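One letter stands for each residue in the lines below.
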Amino acid sequence: MRPSFFHHLHPPTIPADQARWRHTLGAGGTAVFLMLILGVTGILEMFYYIPTPEEAALSVQTITYHVPFGGFIRNLHYWSAQILLIVSAIHLLRVVFTAAYSHPRRFNYLLGLALFVLSILLDFTGYILRWDVDICYPLLTGTNLIKTIPFIGDFFHRLAIGGGEACSTGLLRMYVWHIFGLTLPIIILGIWHAFRVRRDGGIAVPPPQARTDNARISRNELVRREVLAMFIVGIALILLSSSVPAPIAPAMDSTPAAIREAASQSAKAPWFFLWVQQMLKWGDPFIFGIVIPFGILILVAIIPYIFPKPADSDIGTWFPKSNRLAQITMGLVSLIVILLTLLANAN
Amino acid sequence: MTQISRRDFLKLTRNGILYLSGLLATGGLLRFLSYAPTAEQKTEFDLGSADQYPLGSRTSIPEIPALLIHAESGFTALSLTCTHLGCTLEPNETGFACPCHNSAFDSDGNVTHGPAVKPLQVLRIEITDDRNIKVFTA
Ligand code: FES
């Protein structure tokens, strides 16, 4: 048989350790599955979505309330996107807490982090596409935040929403970024990331001599487990999507006055940006909204490069001694983000 | 040795051309994407006859958004756009509060609670000969 990408990802046998739930948590694979669902449901939504300020929110209502199974498709898209962020975060934590980022996987760690950032941006732009009364303040403050960057802020602002008033003319750019400008890179980097997993020797496990169990599983067994995981996640998604609808709010009238009037109904950022919104309450927007969030991102990105290299026998084991510093850093970062989110939700 | 072989020279030229065209294309793409249409944003608002706003009145004009104040000293228009990141302020007992990050301003537009630092903008007003009020945001 001709070797294919599928076979590259599924060699005839792999060490059993690489496919244990308690080791991988199944997070990376689940993320791939969710992205596939997002792609399919997203394309289906495009059949009805109209990216103009006047009609966008109405077309979302059409999808939700009129199109047969439209609401269900939209819920699937919404829930897959939210769960994707959570699963990606779990994947990142697993990689750091098992020292899996260590050489030779450092580069793939960066690819993974880039995918995470792209997912967040996709979630944000997707949220904006609702174009109802709830999205205006997050879009307005988010894009005004870009403007606070010295020298290049205005340029990036124009890149993001094409200049002009965010809540009246920003939609078209948000749409193109969502379905093309961010999606294309996430597909390319996603395939690259999966390819590199195997190129770097598969999922990180201790080297053969340090392994207690040298059993291997076959390609069929691996595929069987993947299908099982997809099945479980699929069922969970279907249950969730048929019982909890994705948020939707009344359309905003596109005259500036009405937008402003209506927008004051909701000033909450989407949940994954609540921690930034909370920090913005503390002072200078550039420091709290740009410098600190990007500082945190860079800190996470350089974990494999600045901390002592974990011992070979520790790679792929949970919470090994030799990468304590990385665990503490990552643990603190997650704790801070979670606490800020809770704080934002409390007031 | 200062001499370079023909092969090295060709390689260098090829790479140079490749990088240069990549750079030019990226620059062009970024410029392409950074065009901002000079949309006619409304900067002039006609508020009608001044007599509609009696002495002592404070009228919210949501389409600007601004507050038109008629005091002894005359008319003033206070912008209701938060000076932090641009949300619209909501009036309360002591002045104005921002729903986005809790900034607060007193009724004259001075900051009473951060994160905003700058006071609210006072907008330019013109009263025409036939006593029409015009407010300018730019
Ligand atoms: S926009 Fe008003 S406090 Fe941030």
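Every value quoted in this text rests on a predicted model; they were computed, and no experiment measured them.

Trainee: What am I meant to see in the sheet that holds strand E10 (residues 132–136) of chain B here?
Mentor: The strands making up a sheet associate through backbone hydrogen bonding, with each pair oriented either parallel or antiparallel. Residue and element names in this part refer to chain B. Within the open sheet, the six strands sit side by side as E1-E10-E9-E4-E3-E2. Their pairing is antiparallel. The open sheet terminates on both sides in strands that have one partner only, identified here as strand E1 (44–49) and strand E2 (58–61). The sheet shows a mean angle of 25 degrees between the axes of neighbouring strands, taken without regard to direction. Note: E1 against E10, five bridges, orientation antiparallel. Among the inter-strand pairings, Ser 49 is bridged to a residue of E10, identified as Asn 132.

Trainee: What is the right way to look at the sheet that holds strand E5 (residues 90–91) of chain B in this model?
Mentor: The four strands are arranged E5-E6-E7-E8 (chain B) in an open sheet whose pairing can be described as antiparallel. The open sheet is flanked by E5 and strand E8 (111–113) of chain B, the only strands paired with a single partner.

Trainee: Is there a simple way to explain the packing of helix H6 (residues 106–128) of chain A against helix H11 (residues 183–199) of chain A in this structure?
Mentor: Two measures define how a pair of helices packs: the angle their axes make with one another and the distance between the axes. Residues and elements named next belong to chain A. In the contact formed by H6 and H11, the axes pass within 9 Å of each other and the chain directions differ by 150 degrees. When the axes of H6 and H11 are compared, the pair comes out roughly antiparallel. Crossing hand, H6 versus H11: left-handed. Residues Phe 107, Asn 108, Leu 111, Gly 112, Ala 114, Leu 115, Leu 118, Ser 119 and Leu 122 of H6 pack against Thr 183, Pro 185, Ile 186, Leu 189, Gly 190, Trp 192, His 193, Arg 196 and Val 197 of H11. Its residues assigned to classes, the contact of H6 with H11 comprises 11 nonpolar, six polar and one charged.

Trainee: Whenever I open this one, the interface of chain B and chain A confuses me. Can you help?
Mentor: Frequently, the measure chosen for interface size is the accessible area removed from exposure when the parts meet. Every contact between the two is made by 22 residues of chain B and, on the other side, 25 residues of chain A. Between chain B and chain A, the buried area comes to about 2000 Å², and carbon and sulfur atoms account for 62% of it. Contact with chain A buries area across many residues of chain B, yet Leu 33, Leu 85 and His 101 of chain B alone supply 27% of it, more than any other trio. Here chain B is connected to chain A by five residue pairs in polar contact (both at pLDDT 80 or more).

Trainee: Whenever I open this one, the state of the cysteines confuses me. Can you help?
Mentor: Here, the word disulfide means a covalent bond between the sulfur atoms of two cysteines. Applying the stated criterion across every chain yields a total of two disulfides over all chains. Disulfide partner of Cys 136 of chain A: Cys 167 of chain A, at an S-S distance of 2.0 Å. Its torsion about the S-S bond being 105 degrees, the disulfide of Cys 136 of chain A and Cys 167 of chain A is classed as right-handed. Of the two residues, Cys 136 of chain A sits in helix H7 (residues 136–147) while Cys 167 of chain A sits in helix H9 (residues 166–169), which places them 31 residues apart along the sequence. With a sulfur-sulfur separation of 2.0 Å, Cys 87 of chain B is cross-linked through a disulfide to Cys 100 of chain B. Measuring the twist about the S-S bond at about -85 degrees, one finds the Cys 87 of chain B-Cys 100 of chain B disulfide to be left-handed. Here Cys 87 of chain B, found in the loop between strand E4 (74–79) and E5, pairs with Cys 100 of chain B, found in the loop between strand E6 (95–97) and strand E7 (104–106); they are 13 residues apart in sequence, far enough to count as distant. The same class applies to Cys 87 of chain B as to Cys 100 of chain B, namely buried.

Trainee: Sorry, what's going on with the packing of helix H5 (residues 70–97) of chain A against H6 of chain A here?
Mentor: Residues and elements named next belong to chain A. Packing of H5 against H6 brings their axes to within 10 Å, and their N-to-C directions diverge by 160 degrees. Accordingly, the angle class assigned to the pair H5 and H6 is roughly antiparallel. The hand of the H5/H6 crossing is left-handed. Counted together, Ala 81, Gln 82, Leu 84, Leu 85, Ser 88, Ala 89, Leu 92, Val 95 and Val 96 of H5 and Tyr 109, Leu 113, Phe 116, Ser 119, Ile 120 and Asp 123 of H6 form the full contact between these two elements. For the contact of H5 with H6, a count of residues per class yields 11 nonpolar, three polar and one charged.

Trainee: Please clarify how the pattern of salt bridges should be interpreted in this entry.
Mentor: Where side chains of opposite charge bring their charged atoms close, a pairing between them can arise. Residue and element names in this part refer to chain B. Considering all chains together, one arrives at eight salt bridges over all chains under this definition. A salt bridge links Lys 134 to Glu 44; the shortest N-O distance between them is 3.5 Å. A residue pair is termed long-range when its members are at least 10 positions apart, and Lys 134 in strand E10 and Glu 44 in strand E1 qualify at 90 residues. Using a relative accessible area of 22% as the deciding quantity, one classes Lys 134 as partly exposed.

Trainee: What am I meant to see in the confidence of the model for chain B here?
Mentor: Parts of the prediction with low pLDDT should not have their coordinates interpreted in detail. Per-chain confidence: chain B averages 86 in pLDDT, with 96% of residues scoring 70 or above. Note on the complex model: pTM 0.91, ipTM 0.84.

Trainee: What is the right way to read the environment of Arg 58 of chain B from this model?
Mentor: Residues and elements named next belong to chain B. In this fold, Arg 58 is placed in strand E2. Judged by its relative accessible area of 42%, Arg 58 is partly exposed. Measuring from C-alpha to C-alpha, the distance between Arg 58 and Leu 18 comes to 65 Å, with 40 residues separating the pair along the chain. Ignoring any residue separated from it by four or fewer positions in sequence, one finds Arg 58 in contact with Leu 67, Leu 68, Ile 69, Phe 96 and Ser 107. Looking at Arg 58, its side chain comes within polar contact range of the main-chain oxygen of Ser 107, at 3.3 Å.

Cut-offs applied
Residues numbered from 1 in each chain as written. Chains lettered and ligands numbered in written order. Predicted model: local features only at pLDDT ≥ 70, side-chain atom pairs only at ≥ 80, totals over all residues. Heavy atoms only, no water. Pairing = 2+ DSSP bridges. Helix = DSSP H or I, 4+ residues; strand = E, 2+ residues; numbered from the N terminus. Axes fitted to C-alpha atoms, helices over the stretch in contact; angles between N-to-C directions. Parallel < 35°, antiparallel > 145°, perpendicular 65-115°, else oblique. Left-handed = near helix turned anticlockwise from the far one by under 90°. Contact = heavy atoms within 4.5 Å. Nonpolar A, V, L, I, M, F, W, Y, C, P; charged D, E, K, R; others polar. Buried area = accessible area lost by both parts, 1.4 Å probe. Polar contact = N/O pair within 3.5 Å; in protein donor to acceptor, adjacent residues only side chain to side chain. Disulfide = S-S within 2.5 Å. Buried < 20%, exposed > 50% of the residue type's maximum accessible area, 1.4 Å probe, protein only. Salt bridge = Lys/Arg side-chain N within 4 Å of Asp/Glu carboxyl O. pLDDT = per-residue confidence, 0-100.

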